[in-house]
Amino acid sequence: MADINAKPFAFPVQRGQIALVVIDMQRDFVEPGGFGASLGNDVSLLGSIVPTVRRLMDGFRAAGLPVFHTRECHLPDLSDCPPAKRLRGAPALRIGDEGPMGRVLIAGAPGADIIPELAPLPDEVVIDKPGKGAFYATGFGEALAARGITQLVVAGVTTEVCVQTTMREANDRGYDCILATDATESYFPSFKAATIDMITAQGGIVGWAAPTDAILEALDG
Ligand code: C5J
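Criteria and thresholds
Residues numbered from 1 in each chain as written. Predicted model: local features only at pLDDT ≥ 70, side-chain atom pairs only at ≥ 80, totals over all residues. Heavy atoms only, no water. Helix = DSSP H or I, 4+ residues; strand = E, 2+ residues; numbered from the N terminus. Rg over C-alpha atoms; globule rule 2.2 N^0.38 Å. Buried < 20%, exposed > 50% of the residue type's maximum accessible area, 1.4 Å probe, protein only. Contact = heavy atoms within 4.5 Å. Lys, Arg positive; Asp, Glu negative; His and termini not counted. Charge placed at Lys NZ, Arg CZ, Asp CG, Glu CD. Core = buried A, V, L, I, M, F, W, Y, C linked by side-chain atoms within 4.5 Å.

Enquirer: How should the overall build of the chain be read in this particular structure?
Expert: Across its full length, the chain carries 9 helices and 8 strands. Against the globule reference of 17 Å for 221 residues, the chain gives a C-alpha radius of gyration of 17 Å, in line with a compact fold. With the C-alpha coordinates of the chain rotated into their principal frame, the extents come out at 50 × 35 × 30 Å. Classification of the 221 residues of the chain by burial places 53% in the buried group. In the chain, the proportion of contacts linking residues at least 24 apart, taken out of those at least 6 apart, comes to 73%. In the chain, which carries 18 positive and 27 negative side-chain charges, the distance between the mean positions of the two groups comes to 3 Å.

Enquirer: Explain the nonpolar core here, please?
Expert: Among soluble globular proteins, nonpolar side chains are generally buried collectively. Core analysis: the largest hydrophobic core is formed by 46 residues, its most contacted members being Ile4, Leu20, Met25, Leu56, Phe60 and Val153. Among the secondary structure elements, those contributing two or more residues to this core are β1 (18-23), α1 (27-30), α4 (50-62), β6 (151-157), β7 (176-185), β8 (208-210) and α9 (212-220). Ignoring any residue separated from it by four or fewer positions in sequence, one finds Ile4 in contact with Ala10, Phe11, Val13, Ile178, Ala210, Ala214, Ile215 and Ala218. In this structure, Val21, Ala143, Cys177 and Ala209 belong to the second largest nonpolar core, which totals 25 residues.

Enquirer: Mind showing me how you'd approach unusual backbone geometry here?
Expert: What is expected of a backbone is that most residues other than glycine have negative phi and most peptide bonds are trans. With an omega of 0°, the peptide bond between Lys7 and Pro8 qualifies as cis. The phi dihedral of Leu105 is positive, around 55°, even though this residue is not glycine. Tracing the chain through its elements places Leu105 in the loop between β4 (102-103) and β5 (125-129). We note that Ala137 has phi near 60°; this positive angle belongs to a residue other than glycine. Take Ala137: it is sitting in the loop between β5 and α6 (140-146). Using a relative accessible area of 53% as the deciding quantity, one classes Ala137 as exposed.

The structure is reproduced here in structure tokens:
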């Protein structure tokens, strides 16, 4: 494996210590009728990255490297959903409400499922997370430690919310993180661009960023 040609400088891949984490590629964020749409967003932007995320996942799988998936979702009794999160704003559907894809962002509801095109393989770890970051109130850190993972390639949605929060959480815990810039998306293109800038500024204050081709080339190299 070679270094990844990345911003702000080459990402030094550590063989056997790198994994992919695909954040929240769920029907509730990507498909019409879900939570993302209920907030007034145009979800078609997010759908456009699906083939690229799939290519990245397939590259990791082909290289025998671990792929982790996350889902933002809550328990049916909402005991893990702070009222402040549920009640903020004026969405057409709130977390836990019955929508066209079942109860919004509730574990087990069809809307909380990962979209079929990016379905996890049976041996891949899926982390259900009640927050925006993948480490908060989950077993993600322990699952990574058990596999000796110290480096994360991060993809998924949305760039400035759950993806960025996870990268910041990981960075604070000592992981080297690189964002796959064309395998992540936001409902707001300017927020995606700003996130990439924020992550890579000041010598990579949160981490690195590179397109999928550069990441896959390094895995092949
Ligand atoms: C949001 C996420 N945007 N997965 N969740 O509420 O980014």
